[in-house]
Amino acid sequence: MIDTFPAHSPLPLVLTGFMGAGKTSVGQAVAAKLARDFVDIDVAIEEEEGMSVSKIFETRGEAYFRARETEWCARLALRDHLVIATGGGALVNPSNRARFKDAFVVCLDAAPDEIYKRLKGQGNRPLLASPNPQQRIAELMSARRDAYAQIEWHLDTTGKSIDQVADEIVGYIKTHASRKL
Ligand code: S3P
C-alpha cells in the first residue's frame, strides 16, 4: 500500500552510510511507500558521464568523481519530494552535508562483517579493490566514523530485511514529520 504521508512535506529524505549499507534498495522501497521519486546519486553520475563509477575512478580519478558528487548534492538539495541515496563517501564532505541541513538525513549502518558479506564478489566498488577488502572496510569505516557521526539519525541494518528497514524509516519520519519533513 502506498503511504502518501507526509503529503505536505516537500523536503528530501536522504539515505547515506557506508557502501553496502542498503541505501539504494532501502531508498527504492521507501520511495515506493511514500509515493516519492527516487534518485541514486551514483546512477545519476553514471548516466551523465556515460560510464560506471569504477570506470570514472579509473579514467578520471577519484577527485573528478567527488566533484560530480558535490554537484549532484547541490542540484538535488533544491528539489522537492525526493528520496535520495548518496554514495557512501558523499556526505563525508562537510559542505555536502551542509547542503542537506534542512532535509531528513538517515545514515544506514551495518557491521563490517555484514558489509563484507553483502559486497563480496561484486567488484564494482573501486575503493574496496584491494587484496584485503575486509581490512579496507575497517580502515575506511574508521576514517569516516567522525563524519558519519555528524548525521543526526542512524539506523542499524544488520540482520534486517530491506522492507523492515524501509518500514522503520517511514515510521520514524511519521513521528518526527512535524519537525522536519
Ligand atoms: C563510495 C561509495 C560508492 C560509490 C563510490 C565511492 C564511497 O557508492 O559512490 O564507489 O566513497 O564510499 P555506494 O555507497 O552506493 O556503494
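Computed from a predicted structure; not experimentally measured.

**Quick word on the nonpolar core**
By size, the foremost hydrophobic cluster in this structure holds 33 residues, and its most contacted members are Phe 18, Leu 91 and Phe 100. Breaking this core down by element, the ones donating at least two residues are helix H2 (41-49), helix H3 (53-59), helix H4 (62-77), strand E3 (82-85), strand E4 (104-109), helix H6 (112-119) and helix H7 (133-149). Residues within four places of Phe 100 in sequence aside, it is in contact with Val 14, Cys 73, Leu 76, Ala 77, Ile 84, Leu 91 and Val 105.

**A look at the packing of aromatic side chains**
Remark: the centre distance and the inter-plane angle together describe each pair of aromatic rings, the angle taken between the planes. On inspection of all chains with the given rule, the structure shows four aromatic pairs. Where Phe 57 meets Phe 65, the ring centres are 5.1 Å apart and the plane angle is 45°; that geometry is what we call tilted. Residue classification places Phe 57 among the buried residues on the basis of a relative accessible area of 15%. Three or more aromatic residues joined by ring pairs form one cluster here, namely Phe 104, Trp 153 and Tyr 172.

**Describing the packing of helix H1 (residues 23-34) against helix H8 (residues 162-176)**
Running from N to C, H1 and H8 point in directions that differ by 50°, and their axes come no closer than 9 Å. Put simply, H1 runs oblique to H8. Where H1 crosses over H8, the handedness of that crossing is right-handed. Along the contact surface, H1 presents Ser 25, Val 26, Ala 29, Val 30, Lys 33 and Leu 34, while H8 presents Ile 162, Asp 163, Val 165, Ala 166, Asp 167, Ile 169, Val 170 and Ile 173. Residue composition of the contact of H1 with H8, by class: ten nonpolar, one polar and three charged.

**Details of the sheet that holds E4**
Spatial ordering of the open sheet is given by E2-E3-E1-E4-E5, a layout of five strands whose pairing is parallel. Both outer strands of the open sheet, strand E2 (37-40) and strand E5 (153-156), are each paired with one neighbouring strand and no more. With strand direction ignored, the average angle separating the axes of adjacent strands in the sheet is 25°. Strand direction decides the pairing type here: strand E1 (residues 13-17) and E3, joined by three bridges, are parallel. Note that in E3 the partner of Leu 13 across the bridge is Val 83. The strands that H1 touches are E1, E2, E3 and E4; relative to E1, the one it contacts most, it runs at about 165°.

**As for the site of the ligand**
Within the structure, the ligand sits among 14 residues, and Lys 23, Asp 42, Arg 66, Arg 125 and Arg 144 are positioned closest to it. In this structure, Gly 88 approaches the ligand through a main-chain N or O atom, which is 2.8 Å from an oxygen atom. Contact between the ligand and Arg 144: an oxygen atom at 2.6 Å from a side-chain N or O atom of the residue. Contact with the protein chains removes 96% of the 380 Å² of surface that the ligand exposes when unbound.

**Considerations on the pattern of salt bridges**
Tallied over the entire structure, the rule returns 13 salt bridges. The shortest N-O distance in the salt bridge between Glu 69 and Arg 66 comes to 2.8 Å. Pair noted here: Glu 69 and Arg 66 are both in helix H4, with a separation of three residues, about one helical turn. Taking the shortest distance from any N to any O, the salt bridge between Arg 118 and Glu 114 comes out at 2.6 Å. Note that Arg 118 and Glu 114 are positioned in helix H6 at a spacing of four residues, about one turn of the helix. The exposure class of Arg 118 is partly exposed, given its relative accessible area of 26%. The structure contains a network of salt bridges with shared partners spanning Glu 48, Arg 68, Glu 71 and Arg 75.

What counts and what doesn't
- Position numbers for residues start from 1 in each chain and track the written sequence from start to end.
- For this predicted model, a pLDDT threshold of at least 70 governs which residues receive local features, and a threshold of 80 or more governs which side-chain atom pairs are given and counted, while totals over whole chains, interfaces and linings are taken from all residues.
- Computation of side-chain values covers all heavy atoms of the structure but excludes hydrogens and water.
- Definition used in this section: a nonpolar core is a set of buried Ala, Val, Leu, Ile, Met, Phe, Trp, Tyr and Cys residues joined via side-chain atoms within 4.5 Å.
- Between buried and exposed lies partly exposed: a residue is buried under 20% and exposed over 50% of the maximum accessible area for its type, with that area taken using a 1.4 Å probe on protein chains only.
- Helix and strand definitions follow DSSP, with helices as H or I runs of at least four residues and strands as E runs of at least two, each counted in order from the N terminus.
- Residue contacts are defined here by distance: any two heavy atoms, one from each residue, within 4.5 Å place the two residues in contact.
- To pair, rings of Phe, Tyr and Trp, with the six-membered ring standing in for Trp, must have centres within 6.5 Å; the planes then decide the type, stacked if under 30 degrees apart, edge-to-face if over 60, and tilted in the middle.
- For helices, the fitted axis covers only the stretch in contact; all axes are lines through C-alpha atoms, and the angles between them, taken along N-to-C directions, range from 0 to 180 degrees.
- The scheme is simple: roughly parallel for angles under 35 degrees, roughly antiparallel for over 145, roughly perpendicular for 65 to 115, oblique for anything else.
- By convention, the crossing between two helices is left-handed when the near helix turns anticlockwise from the far helix through less than a right angle, and right-handed when the turn is clockwise.
- Gly counts as polar in this scheme, as do all residues outside two lists: the nonpolar Ala, Val, Leu, Ile, Met, Phe, Trp, Tyr, Cys and Pro, and the charged Asp, Glu, Lys and Arg.
- Here, strands pair whenever DSSP counts at least two bridges between them.
- The criterion for a residue being near a molecule or strand is simple. One of its heavy atoms has to lie within 4 Å of it.
- Here a polar contact means two N or O atoms within 3.5 Å. Within protein one must be a hydrogen donor candidate and the other an acceptor candidate, and residues neighboring in sequence count only if both atoms are side-chain atoms.
- The method behind every accessible area is Shrake-Rupley, applied with a 1.4 Å probe, and residues are considered shielded solely by the protein chains displayed.
- The term salt bridge refers to a side-chain nitrogen of Lys or Arg lying within 4 Å of a carboxyl oxygen of Asp or Glu.

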